[in-house]
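Structural characterization, general
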Amino acid sequence: MNPIYWDYNATTPLDPHVRQAMEPYLENVWGNPSSVHAVGRRARAALDEFRYRLAGAWKCRPSEVIFTSGGTESNNLAVLGTARLGGAQGRRHLVASPVEHHAVLHALKHLETHEGFTLTLLPVDHHGRISPEAVAQALRPNTALVSIMAANNETGTLQPVAEIGRLCRERGVIFHTDAVQAFGKLPFARIDQFEADLVSVCAHKFHGPKGAGALFIRSPLLPHPTQHGGAQENERRGGTENLTAVAGLVSAFETLVLNPVFPTDSLRGWTERLAQTVTSLPGVERHGCPENRLPNTLAFSVEGTDSISLLANLDLEGVYASSGSACTAGSVEPSHVLRAMGVPESRAKALVRFSLGRESTEEEVAQVERLLPAVIDRCRG
Ligand SMILES: Cc1ncc(COP(=O)(O)O)c(C=O)c1O
């Protein structure tokens with residue numbers, strides 16, 4: 001049996017076309033874009049062209065594109081940089097959801113614990129959705145930032161970010177969305193579709209390279225830099241640019257986000273079918289929103305066992321899945337996403353996430369349906 005890779009929300013394989021697009025910047029165009037000589041100028045011209053192309057895809061200005069090292073850095077720059085900008089102007093209140101990725105949540109908690117900011121974490125319903133009304137009620141005259149993710153990495157639940165963005169704009173509050181899981185999985189027309197002032201992007205989630213990300217920052221907003229050094233990236237991010245990573249990010253965005261080969265309809269159907277199968281098994285519960293969701297993601301918990309046993313036993317069968325839980329030294333941390341949704345700790349420690357992708361097949365779905373009951377029995381036994 002061929003192994004089944006169902007962890008596309010964790011990462012995706014590098015697309016061969018993207019790899020090809022990166023090669024010239026490993027070999028021929030290796031200069032430092034900040035050098036004034038011809039070798040540097042060649043690298044600068046390439047960097048400028050990539051920024052221009054990504055801005056074209058996003059339908060924004062090139063100066064609104066900041067290249068970063070990935071989703072974590074984009075989120076840190078957005079959250080820390082915008083909060084500190086607001087803080088310097090007397091705005092020290094922050095709003096977010098408790099189901100954000102740790103790259104957002106931990107940055108916010110740092111601001112609360114060490115820099116004197118007040119943090120409001122909004123309630124979520126049992127599907128993990130927050131309501132625009134809750135955001136409206138949470139806003140204060142000194143709110144510096146609202147940060148709500150577009151799509152949850154653990155459950156696939158989508159948030160009404162455009163609506164939230166519009167209401168933040170009406171109230172004069174800066175809005176950031178971590179859209180890392182949305183690109184390549186949902187239709188994309190323009191960066192403004194999120195109605196956000198800052199949008200985080202991460203290339204390896206859509207068949208680009210690791211260590212490559214970007215942040216949209218709506219002009220004239222200028223968050224404080226989080227990485228100090230040279231004047232690169234509009235003085236928001238010091239450090240010599242990684243042109244190879246930038247080439248991969250832009251190529252992946254153009255080929256896999258603008259013209260997705262992601263079989264959305266099939267994946268939606270297959271994950272729905274899997275959801276029916278798993279929830280027909282005793283003690284298995286589906287998590288996340290069945291309607292507003294990423295088409296490729298299915299999250300469920302299994303009573304009477306834990307994520308480590310489930311993932312290890314799936315691995316033995318050649319099925320590579322994931323959980324939302326951090327596994328440390330044999331113990332399982334319950335998923336903070338499920339806990340925020342009101343799921344009891346015993347279940348939040350027994351989460352399995354199937355995230356399908358471009359290479360997934362119906363035969364794989366049938367295979368997992370066949371082997372899952374025995375895997376669960378073995379874990380409980
Ligand atoms: C929603 C979300 N935000 C941010 C990140 C962080 O991305 P990276 O680990 O590539 O920096 C991830 C990665 O899983 C994610 O799913």
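Relevant structure appears above.
Definitions and cut-offs
Residues numbered from 1 in each chain as written. Predicted model: local features only at pLDDT ≥ 70, side-chain atom pairs only at ≥ 80, totals over all residues. Heavy atoms only, no water. Helix = DSSP H or I, 4+ residues; strand = E, 2+ residues; numbered from the N terminus. Rg over C-alpha atoms; globule rule 2.2 N^0.38 Å. Buried < 20%, exposed > 50% of the residue type's maximum accessible area, 1.4 Å probe, protein only. Areas by Shrake-Rupley, 256 points an atom, 1.4 Å probe, with all protein chains shown as cover. Pairing = 2+ DSSP bridges. Axes fitted to C-alpha atoms, helices over the stretch in contact; angles between N-to-C directions. Contact = heavy atoms within 4.5 Å. Near = heavy atom within 4 Å. Polar contact = N/O pair within 3.5 Å; in protein donor to acceptor, adjacent residues only side chain to side chain. Core = buried A, V, L, I, M, F, W, Y, C linked by side-chain atoms within 4.5 Å. Domains from an automatic or database assignment. Salt bridge = Lys/Arg side-chain N within 4 Å of Asp/Glu carboxyl O. Phe/Tyr/Trp six-rings, centres within 6.5 Å; stacked < 30°, edge-to-face > 60°. Expected span 1.5 Å × (residues − 1).

Topic: the overall build of the chain
Counting its regular elements, the chain contains 14 helices and 14 strands. Whereas a compact globule of 381 residues would reach a radius of gyration of roughly 21 Å, the chain reaches 21 Å, a difference of no more than 12%. Expressed as lengths along the three principal axes of its C-alpha atoms, the size of the chain is roughly 65 × 50 × 40 Å. The buried share of the chain, reckoned over its 381 residues, is 56%. When the accessible surface of the chain is split by element, carbon and sulfur atoms take 51% of a total near 15,400 Å².

Focus: the sheet that holds strand 14 (residues 351-355)
What the 3 strands build is an open sheet, ordered 9-10-14; its pairing is antiparallel. Here the strands that pair on one side only, and so sit at the sheet edges, are strand 9 (284-287) and strand 14. Strand after strand, the sheet turns through a mean of 30° between neighbouring axes, direction not considered. In terms of strand pairing, strand 9 meets strand 10 (residues 297-302) through 4 bridges, oriented antiparallel. Bridging across to strand 10, valine 284 finds its partner in valine 302. Strands in contact with helix 11 (residues 307-316) are strand 10 and strand 14; relative to strand 14, the strand with the most contacts, it is inclined by about 40°. In the packing of helix 14 (residues 362-380) onto the sheet, contacts are made with strand 9, strand 10 and strand 14, and the angle to strand 10 comes to roughly 30°.

Focus on the site of the ligand
Around the ligand, a shell composed of Gly71, Thr72, Asn75, His101, Met149, Asn153, Asp178, Val180, Gln181, Cys202, His204 and Lys205 is seen. Residue threonine 72 places a side-chain N or O atom 2.7 Å away from an oxygen atom belonging to the ligand. Between the ligand and the protein, one listed contact pairs an oxygen atom with a side-chain N or O atom of lysine 205 at 2.6 Å. In isolation the ligand offers 390 Å² of accessible surface; the protein chains occlude 81% of this area. With 3 residues, the single largest contributor to the shell around the ligand is helix 4 (residues 71-88).

Observations concerning the sheet that holds strand 3 (residues 93-96)
The strand order across the open sheet formed by 7 strands is 2-8-7-6-5-3-4, and the pairing between neighbours is mixed. A single partner strand is all that each edge strand has here, and the edge strands are strand 2 (65-68) and strand 4 (118-121). Neighbouring strand axes in the sheet, compared pairwise and without regard to direction, differ in orientation by 20° on average. Bridging between strand 3 and strand 5 (residues 143-147) involves 4 bridges; their strand directions are parallel. Of the residues in strand 5, the one forming a bridge with valine 95 is valine 146. Packed onto the sheet, helix 3 (residues 38-58) meets strand 2, strand 7 (198-202) and strand 8 (213-217) and runs at close to 115° relative to strand 2.

Considering the nonpolar core
With 65 residues, the main nonpolar core has Trp58, Phe67, Val146, Phe183 and Phe253 as its most contacted residues. A per-element tally of this core places helix 9 (residues 243-257) first, with 10 residues. Here this core spans two domains, since at least three of its residues come from each of domain 1 (4-12 + 261-380) and domain 2 (16-257). With near-sequence residues (within four places) excluded, phenylalanine 253 lies in contact with Leu54, Ala57, Trp58, Phe183, Phe188, Val201, Phe206 and Leu258. The next biggest cluster of nonpolar side chains, apart from the first, holds 28 residues, and it includes Val278, Leu310, Leu314 and Val375.

Looking at the pattern of salt bridges
Tallied over the full model, the rule gives 23 salt bridges. With a closest N to O distance of 3.0 Å, arginine 286 and glutamate 272 form a salt bridge. Within this pair, whereas arginine 286 is found in strand 9, its partner glutamate 272 is found in helix 10 (residues 264-279), the two being separated by 14 residues in sequence. Exposure remark for glutamate 272: the relative accessible area of 26% places this residue in the partly exposed category. Measuring nitrogen to oxygen at the nearest pair gives 3.2 Å for the salt bridge that ties arginine 378 to glutamate 317. Taken together, the residues span a long stretch of sequence, with arginine 378 in helix 14 and glutamate 317 in the loop between helix 11 and strand 11 (319-320) at a distance of 61 residues. Within this structure, Asp15, Arg358 and Glu359 form a network of salt bridges that share partners.

Some details on the packing of aromatic side chains
The geometry of an aromatic ring pair is captured by two quantities: the separation of the ring centres and the angle between the planes. Scanning all chains against the criterion turns up 12 aromatic pairs. Where tyrosine 5 meets tyrosine 8, the ring centres are 5.1 Å apart and the plane angle is 75°; that geometry is what we call edge-to-face. The exposure class of tyrosine 5 is partly exposed, given its relative accessible area of 29%. The exposure class assigned to tyrosine 8 is buried, which follows from its relative accessible area of 6%. Ring geometry for phenylalanine 300 versus phenylalanine 354: centroids 5.3 Å apart, planes at 65°, classification edge-to-face. Residue phenylalanine 300 is found in strand 10, and its partner phenylalanine 354 is found in strand 14; the two are separated by 54 residues along the sequence.

Digging into helix 9
Between its first and last C-alpha atoms helix 9 spans 20 Å; for 15 residues at 1.5 Å apiece the expected length is 21 Å, and the two agree. Where burial is concerned, most of helix 9 is hidden: 13 out of the 15 residues are buried.

Digging into the environment of proline 290
Tracing the backbone through its elements, the reader meets proline 290 in the loop between strand 9 and strand 10. C-alpha separation for the pair proline 290 and histidine 127, spaced 163 residues apart in sequence, amounts to 8.1 Å. Setting aside its immediate chain neighbours within four residues, proline 290 contacts His127 and Glu272.

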